Amino acid sequence: MIRIITFLSTFLVFAFGSAYADPKKVGFIYIGPPGDHGWTYMHDVGRKYMESQLGDSISTTYIENVPENADAVRSIRKLAETGHDLIFTTSFNYMDQTLEVAKEFPDIKFEHATGYQRLDNVSTYSARFYEGRSVIGHIAGKMTETNTIGYIVSFPIPEVIRGINAFYLAASKVNPDVKIKIIWVYSWYDPGKEADAANTLINQGADIIVQHTDSYAPCQAAEKAGVLAFGQASNQEAFCPNAHMTAIEDIWGPYYAAKAQAVLDGTWKSEDTWQGFKEGMVEMSPYNENLLSADLIAEAKAMEAAIEDGSFHS
């Protein structure tokens, strides 16, 4: 596969080399770099999975580090103007920009992650991340010794607030004395700011760090300080093996493959998708047996199973 790299306002990568005369072109707009090993990394893993499943019937493009402002309109429009048949915009605050461009290109299909507004050519999709937040909340409530948990968050949007609530409800259920200290960093990906927030929380007595931001910097700060942490969006244990208890993983690949296949088949339709443990869009990373007791791991797995079969509602 030949990759031609050009520079727009952000970094643009075209993937070519299809054996088909007219493969469908699928584009992605990323909020951060694929190397964040968090949110954007997992969307890129999903893109690659889609390629592996559909082969030469598609070619893919992504633009990374796209701000959630007028730059997003320009980037999305660039994909539309260059013949993309399906475009995924992978952050909540791309919603208005996605709708704006979609209205200009009614024959192109758009998929917006974590949004709530649809058009005939715009679908929305998200994962039930809060299910995982309930599991890590249960673990945190059992593991904290200071009863203070630090929580680093990005923006006050429904997805983030829902996660905080699910986490706190689960933690306080097993530990009524637990309290959560929150720092809003107003960024999805800023390793320096995320690390500073983690250190501030640790200095305020937090012995567990939770995050809804995209880098592994908080987990590394936790490891350096000798406290515990949860990874975000992907398994980040390799970056902080002595702190990382588990992580909530975002599994996008099967969804991306299915939606691209629907475009190929001519069966794509505008709809809302919201999946979790049951459908496999949310998974837990391996539980760290060096940090968590066998009993607590069993409790976490039982909680996963109960959420999946509907006997427990997080």
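Residues numbered from 1 in each chain as written. Predicted model: local features only at pLDDT ≥ 70, side-chain atom pairs only at ≥ 80, totals over all residues. Heavy atoms only, no water.

**Observations regarding the overall build of the chain**
Condition: Helical segments are the DSSP runs of H or I of at least four residues, strand segments are the runs of E of at least two, and each set is numbered from the N terminus. Only the C-alpha atoms count toward the radius of gyration. The rule for a globule is 2.2 Å times the residue count to the power 0.38. For each residue, the accessible area found with a 1.4 Å probe, counting protein chains only, is set against the maximum for its type, and the residue is called buried under 20%, exposed over 50%, and partly exposed in between. The contact rule is simple, with two residues in contact once any of their heavy atoms fall within 4.5 Å.
Assigned secondary structure in the chain consists of nine helices and 14 strands. Over its C-alpha atoms the chain spans a radius of gyration of 20 Å, differing by no more than 12% from the 20 Å that the globule rule assigns to 314 residues. Considering only C-alpha atoms, the chain reaches an extent of 60 × 40 × 35 Å along its principal axes. Counting across all 314 residues of the chain, residues that qualify as buried make up 56%. For the chain, the proportion of contacts with a sequence separation of at least 24, taken over those separated by at least 6, is 67%.

**A word on the pairing of strand β3 (residues 24-29)**
Remember that side chains alternate between the two faces of the sheet whenever the strand is regular. So the rule is basically this: The definition of a right-handed crossover adopted here requires that, viewed with the strands pointing away, the path from the first strand over the helix to the second runs clockwise. By this definition, two strands are paired if DSSP reports at least two bridges between them.
Summarising burial for β3: five of the six residues are buried, a large majority. For the crossover that starts at β3, traverses helix α1 (residues 39-54) and ends in the parallel strand β4 (residues 58-64), the hand is right-handed. Pairing of β3 with strand β5 (residues 86-89), which is carried by four bridges, proceeds in the parallel orientation. Following the sheet pairing, F28 is matched in β5 by F88.

**Here's the deal with the packing of aromatic side chains**
This is how the line gets drawn: For this analysis, a ring pair means two rings from Phe, Tyr or Trp (six-membered ring only for Trp) whose centres lie within 6.5 Å, classed as stacked if their planes differ by under 30 degrees, edge-to-face if by over 60, and tilted for the remaining angles. Criterion for a charge above a ring: Arg CZ or Lys NZ at most 6 Å from the ring centre, at most 35 degrees from the ring normal.
For the structure shown, the criterion picks out 21 aromatic pairs. Ring centres of F28 and Y256 lie 5.1 Å apart, and the angle between their planes is 70°; this geometry places the pair in the edge-to-face category. Note that F28 is positioned in strand β3 and Y256 in helix α8 (residues 253-265), a separation of 228 residues in sequence. Here F28 matches Y256 in class, with each residue buried. What links up through ring pairs into an aromatic cluster is the set F28, Y30, W39, Y62, F88, Y125, F129, W252, Y255 and Y256. A cation over an aromatic ring shows up here: R128 above the ring of W274, its NZ or CZ 4.0 Å from the ring centre.

**Notes on the sheet that holds strand β8 (residues 148-153)**
Across a sheet, paired strands are connected by hydrogen bonds in the backbone, their directions being either parallel or antiparallel. Stated precisely, the cut-off is as follows: All axes here are fitted lines through C-alpha atoms, helices being fitted over the stretch that makes contact, and every angle between N-to-C directions spans 0 to 180 degrees.
In space, the six strands of this open sheet follow the order β9-β8-β10-β11-β12-β14, with mixed pairing throughout. Each edge of the open sheet is held by one strand with a lone partner, namely β9 (179-184) and β14 (282-284). The average angle at which neighbouring strand axes cross in this sheet is 20°, direction not considered. As paired strands, β8 and β9 are joined by six bridges and run parallel to one another. The residue bridging I152 from the neighbouring strand is I183, located in β9. Contacts between helix α4 (residues 129-143) and the sheet are confined to β8, β10 (208-212), β11 (228-233), β12 (244-250) and β14, with β12 contributing the most and set at about 170° to the helix. Sheet strands touched by helix α7 (residues 217-225): β8, β10, β11 and β12. Its angle to β10, the strand with the most contacts, is close to 175°.

**Notes on the nonpolar core**
Stated precisely, the cut-off is as follows: Only buried residues count toward a nonpolar core, which is a set of Ala, Val, Leu, Ile, Met, Phe, Trp, Tyr and Cys residues joined through side-chain atoms within 4.5 Å.
Ranked by size, the top nonpolar core spans 77 residues in total, and within it M50, V135, I139, F167, F230 and W252 carry the most contacts. The greatest single-element share of this core, amounting to six residues, is contributed by α8. Dropping the residues within four chain positions of it, V135 is found in contact with F277, M284, Y287, A300, M303, E304 and I307. Core analysis: the second largest hydrophobic core is formed by 15 residues, I209, C219, A222 and A229 among them.

**As for the environment of F277**
Within the secondary structure, F277 sits in the loop between β13 (272-275) and β14. In this structure, the C-alpha to C-alpha distance between F277 and R128, residues 149 residues apart in sequence, is 7.7 Å. For F277, the contacting residues outside a window of four places in its chain are E131, G132, V135, V282, E283, M284, E304, I307 and E308.

**Let's talk about the pairing of β12**
Within β12, seven of the seven residues are buried, which leaves the element mostly enclosed by the surrounding structure. Here β12 runs beside β14; their pairing, made up of three bridges, is antiparallel. Bridged to D250 within β14 is V282.

**Topic: the environment of T98**
By secondary structure assignment, the location of T98 is in helix α3 (residues 95-104). Here T98 falls in the buried class, since its relative accessible area comes to 1%. With 178 residues separating them along the chain, T98 and G276 place their C-alpha atoms 24 Å apart.

**Topic: helix α6 (residues 191-203)**
The line we're drawing: Expected helix span is taken as 1.5 Å per residue step, with the number of steps being one fewer than the number of residues. Starting at the helix axis, one direction is taken to each C-beta atom, and the arc is that of these directions.
For α6, which comprises 13 residues, the first-to-last C-alpha distance of 18 Å matches the rise-based estimate of 18 Å (1.5 Å per residue) to within 8%. Among all positions in α6, only E194, A195, A197, A198, L201 and I202 are buried. Buried residues of α6 fall within an arc of 160° about the axis and therefore sit on the same side. Residues of α6 that are exposed and angled more than 90 degrees away from the buried face: D196 and N203. The positive-phi residue at the C-terminal boundary of α6 is G205, with phi of around 105°.

**Remarks on the packing of α6 against α7**
Note the following rule: The cut-offs work like this: below 35 degrees is roughly parallel, past 145 is roughly antiparallel, 65 to 115 is roughly perpendicular, and the gaps in between are oblique. Working rule for handedness: look at the near helix, and if it is turned counterclockwise from the far one by less than a right angle, call the crossing left-handed; if clockwise, right-handed. When residue character is reported, Ala, Val, Leu, Ile, Met, Phe, Trp, Tyr, Cys and Pro are called nonpolar, Asp, Glu, Lys and Arg charged, and the others, Gly included, polar.
The geometry of α6 relative to α7 is characterised by a closest axis approach of 8 Å and an angle of 40° between their N-to-C directions. As the angle between them shows, α6 and α7 are arranged oblique. The handedness of the crossing between α6 and α7 is right-handed. Touching P191, E194, A195, A198, N199 and I202 of α6 are A217, P218, A221, A222 and A225, all from α7. Among the residues making up the contact of α6 with α7, the classes are represented as nine nonpolar, one polar and one charged.

Nothing here speaks to function; it is geometry throughout.
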